[in-house]
Every structure is written in C-alpha cells, then in structure tokens.
Amino acid sequence: MSIYMTSSDPVRLTRRGALAALAVGAVGVTAAACSKSDNGGSTTGAAASKSAEPTAEISYLPKLDSDANPSPTAEFAVKVSKGQLNPDVKLTNARGNVVTGALSEDRSTYTVTEPLGYGGTYTWSGSATGEDRKVVPIEGTVTTLTPQEQVNVVVNVADGQEVGIAAPLILKFDSTVTDKKAVERALKVTTTPPTEGSWAWLPEDNGSRAHWRSKEYFAPGTKVSMKASLYGLDHGDGAYGAADVTSDFVIGRAQIVKADANSFKIDVMRGSDVLMTLPCSYGSGDLDRNVTRSGIHVVSEKYEDFAMSNPAAGYFNVRERFAVRISNNGEFIHANPETIGVQGASNVTNGCINLSLDNAQQYFGVAVYGDPVEVTNTRIPLSEADGDIYDWTFSWDDWKSMSALEGEVVSSSAPATPSNAPQLSGTPTSTPQPARQGQTG
C-alpha cells in the first residue's frame, strides 16, 4: 500500500509509517475538538450537568409535604408537565391494596376515584417519561386525618318506600352538629315534579335533628331523592361524618284525615272524596294530658296489636288493637271497645281518637306513613312538647327561618319522645283484661 502526500517532492511511506501518521492525525483532531467551545468556554462543567436533568415535572394533590392531614374525600392526584405518566402509576393503602383511580386521556393526570379511609397512610408509586425520554419515579406517602369523633345519621324514609303527602324527611344525628351550615350545604333534595321545600334544624334530642318539609303537601306521585354527602365532611369541633346517606322514595295517594273534635267523627278523604266517615271519641277533660292536640299530625307508625303502658294515666300493659300513631306524645287513632257507647256523641278519652273495632280495622288498612291528620277544635295546640313530627305547625316563613343557611337555628332541647308519653311494651303473649272506660287513650 502506498500513500502520497501532496507536496512538490512526493514521499513514499511504508505501511507502518502510514499507520503511525494516521494515529498522530487522530490525536490532533481529538485535541482540537476538546480545546474550546464556540463561545470560548469549557463544555465539561455546568452544561453537561444541566443536560442530565430530566424534563418531566411531577406534582401531587394534596401536596406531600403539607402539615395538615387531608380529608379522605379530598382530591388525590398526581400530575406531570413536560412528559406523560406511565400506566404503572397507582396509590396503595397500608395493606398493599390498590386504590381505584383513572389516568386521563392525555396521560398528564392520574386521579383517585374512590374515597380513602380515615387515619390511613397511602403510598404513591409508578413512573413518568419526560419529553427527553428520561424516566422519573412517582413516589411519596400521604396520611389522611383522624377525626376526634365520627357522626352517624339515621334517615326516616327507606329507599323505595311509598309515603303520604305530609311526610317530612328526617335526619337524626347521634351527636350535636356544631357546623350546621356546612352540613346543610351537603344535603341535596331533588323532586320530580319540582317541589318547594326547606331544611330546618329542630331542637336537640341526644343529637341534632334536620327535617326537610315541603311548603305545601306533596302532589301525589312525586318522586323524592335525597343525598347527604357527609363522609369526610367536617361537622365542627373535630367531628366528621361517618358515611354518606341517601333516600329515594315516592309520594302515594292524597289521603287526609279531617278530625273535628266538635263533630265526634273523622272523615277520611281521598282527594276531594270522602273515603269513609267514622264515629269516634276524642280526648277531653280538665287534665291537659287528656286533651287531643289541635294541628296537623302525621301518621308515623301503626300496630295491629300491642300492649301500652301509661303510668301517668294509671294503666299498664293494656291491649290496644289497630292502632295508628299520630304523635309521639301517645296520641293514636285506635280501637277502644270500652268507649263504643259514646263514640259519635261525646269526648271522653285520654288524648287518643277512639273507634270501634271494625272501624279501627278499616282505617288501619288504608293509613300509611306520612298521612296528615288535621285535628281541629280542641283547646291545646300541637307543639314541640308533643314529640317528633310537629313540622306542619309552623308557617312557611317560620319554617324557612330555622334553616342554618337562612335564619336562626333552634338551640334548645326538645326530646322526640316526651318523658311522660305512653310507652309500647310489646305484643302481649296473653290477652290482658279490658280496660275500664276512659282508662286508655
């Protein structure tokens, strides 16, 4: 092999000499490349370090370094800019179970889609790939808050139940709700057709009570849906909701009992028609506890057969038949064979509305929860002293004023069941002796 240099005197090189010359040239090129950058500075320092930094930028919701522990219903998500999240991103609980979540279409955000637990520690894991194709880890832990107390709530109307046109929605909390505004904002009632209504906070009864009442009686067939988004919600003073609650029900036929004490009868109305007219006896007498209360009562329970005791009236375990409760003060519409002689002519009972056995059974068969019973012409009005459902004794303006979002919240105490009210003592196993006239309601 021969190599000729460009010169006026050509020089012939051997193979070994040619290789040596190439080696020297290569070294010279390398040295020239490392000597200077275009701007006169070295490229082996800060620029090289900067090029090693990944472009993907990761952020977390809530922030991992936050001093406050988040609510388990807060938004939990991881986001990336200048890159995309990989399918291995996940949040796991302390037992290693993966929390349900979803990756956005553009793979920029992964969001947890189910509530977390109270006082739990959760771990982020996975990765993201930056625009520079470098992989960045997803990592970190977050711990949810631990409530000082968890508040439970019971709803009065079950899913799928058919109720009367005066039925209120009742939420009974097992402790006092101090932040009633926050809780009321979390309560949503939807009606079809649209029906005007409002929440009101009634006096405490071993816990707070919130009732939702329509302005007027419901239209028959109205569908009602209530959602109380209470889990993870601060109820005040370190107490948080234990669970969300819902109720979906329907309003049935329009039935109203017209109960005029001066008439010695009740008229059971279906719409504008009289379904039945039944002779009766109302509560009367010198003692206030014997007087049937005037006002709109609401049917709340009914029992075909049970035993009742009322120490204040001096009777115990007296058998009552076909009894429909209309107030928690002990007022019922029920059978009382001992007052048949005066039914339709005189008022002699201990506050209840007495019917014959056959008439009581007739009415019992058509009564449902939420039916209004409109009692008139007695000397004592229905009030909070008479028990749990006295919602219809308030004017609409007064009722709305008891909303935490509209007016002043009632802070007094009024038990749902008065302390001196007659008590059910269970279905009798044997038939007790009949009560004397006027002895029972």
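In the annotation of an unreviewed UniProt entry, the protein is listed under the name Transpeptidase and assigned to Williamsia phyllosphaerae. As recorded by UniProt, the Pathway (unreviewed entry) comment attached to the protein reads in full: "Cell wall biogenesis; peptidoglycan biosynthesis."

**Student:** Help me understand the overall build of the protein, please; the structure alone is not making it clear to me.
**Tutor:** A count of helices and strands for the protein gives five helices and 31 strands. Relative to its full complement of 441 residues, the protein shows a buried share of 44%. The long-range share in the protein, meaning contacts at least 24 apart out of those at least 6 apart in sequence, stands at 66%. Split by element, the accessible area of the protein, about 22300 Å² in all, is 51% carbon and sulfur.

**Student:** When you look at the pattern of salt bridges in this model, what are you seeing that I'm missing?
**Tutor:** Note on pairing: side chains with opposite charge can pair once their charged atoms come close. Going through the model one piece at a time under the given rule, you end up with nine salt bridges. Put simply, Arg-319 and Asp-305 hold a salt bridge, and the shortest N to O gap is 2.6 Å. Placement of Arg-319 in strand E27 (residues 315–325) and of Asp-305 in strand E26 (residues 301–310) is noted, with a sequence separation of 14 residues between them.

**Student:** Whenever I open this one, unusual backbone geometry confuses me. Can you help?
**Tutor:** Across residues other than glycine, the phi torsion is negative in most instances, and most of the peptide bonds are trans. Residue Leu-61 is joined to Pro-62 through a cis peptide bond whose omega torsion reads -15°. Relative to the helices and strands, Pro-62 is located in the loop between strand E1 (57–61) and strand E2 (77–81). For the peptide bond that leads from Thr-192 to Pro-193, omega is 0°, which places it in the cis range. The residue Phe-322 is not glycine, and still its phi comes out positive at about 50°. Mapped onto the secondary structure, Phe-322 falls in strand E27. Within the chain, Asn-377 stands out as a residue other than glycine whose phi angle is a positive 65°. Along the chain, Asn-377 turns up in the loop between strand E30 (372–376) and helix H5 (396–401).

**Student:** Whenever I open this one, the packing of aromatic side chains confuses me. Can you help?
**Tutor:** Each pair of aromatic rings is reported with the distance of its centres and the angle of its planes. Using the criterion set out here, one finds twelve aromatic pairs in the structure. Centroid distance Trp-212 to Phe-218: 6.2 Å. Interplanar angle 25°. Geometry classified as stacked. Considered together, Trp-212 and Phe-218 belong to a single accessibility category, that of buried residues. Through a chain of ring-to-ring contacts, three or more aromatic side chains come together here, namely Tyr-60, Tyr-110 and Trp-124. A cation over a ring is seen here: Lys-180 above Trp-201, with NZ or CZ 5.5 Å from the ring centre. Geometry around Phe-364 places Lys-302 over its ring, the cationic atom sitting 4.7 Å from the centre.

**Student:** What should I look at first to understand the sheet that holds strand E23 (residues 265–270) in this one?
**Tutor:** The strands making up a sheet associate through backbone hydrogen bonding, with each pair oriented either parallel or antiparallel. The strand order across the open sheet formed by five strands is E24-E23-E22-E30-E25, and the pairing between neighbours is mixed. The sheet is open, and its two borders are formed by strand E24 (273–279) and strand E25 (295–298), each paired with just one other strand. Here the strands of the sheet are splayed against their neighbours by 20° on average, with no regard to which way each runs. Sheet topology places E23 next to E24; six bridges connect them, and they run antiparallel. The residue of E24 that forms the bridge with Arg-270 is Asp-273. Each of strand E22 (255–260), E23, E24 and E30 touches helix H4 (residues 357–366); the most contacted strand, E24, lies at about 145° to it.

Cut-offs applied
Residues numbered from 1 in each chain as written. Predicted model: local features only at pLDDT ≥ 70, side-chain atom pairs only at ≥ 80, totals over all residues. Heavy atoms only, no water. UniProt positions renumbered as here; feature names shortened; annotations may be inferred. Helix = DSSP H or I, 4+ residues; strand = E, 2+ residues; numbered from the N terminus. Buried < 20%, exposed > 50% of the residue type's maximum accessible area, 1.4 Å probe, protein only. Contact = heavy atoms within 4.5 Å. Areas by Shrake-Rupley, 256 points an atom, 1.4 Å probe, with all protein chains shown as cover. Salt bridge = Lys/Arg side-chain N within 4 Å of Asp/Glu carboxyl O. Phe/Tyr/Trp six-rings, centres within 6.5 Å; stacked < 30°, edge-to-face > 60°. Lys NZ or Arg CZ within 6 Å of the ring centre and 35° of its normal. Pairing = 2+ DSSP bridges. Axes fitted to C-alpha atoms, helices over the stretch in contact; angles between N-to-C directions.

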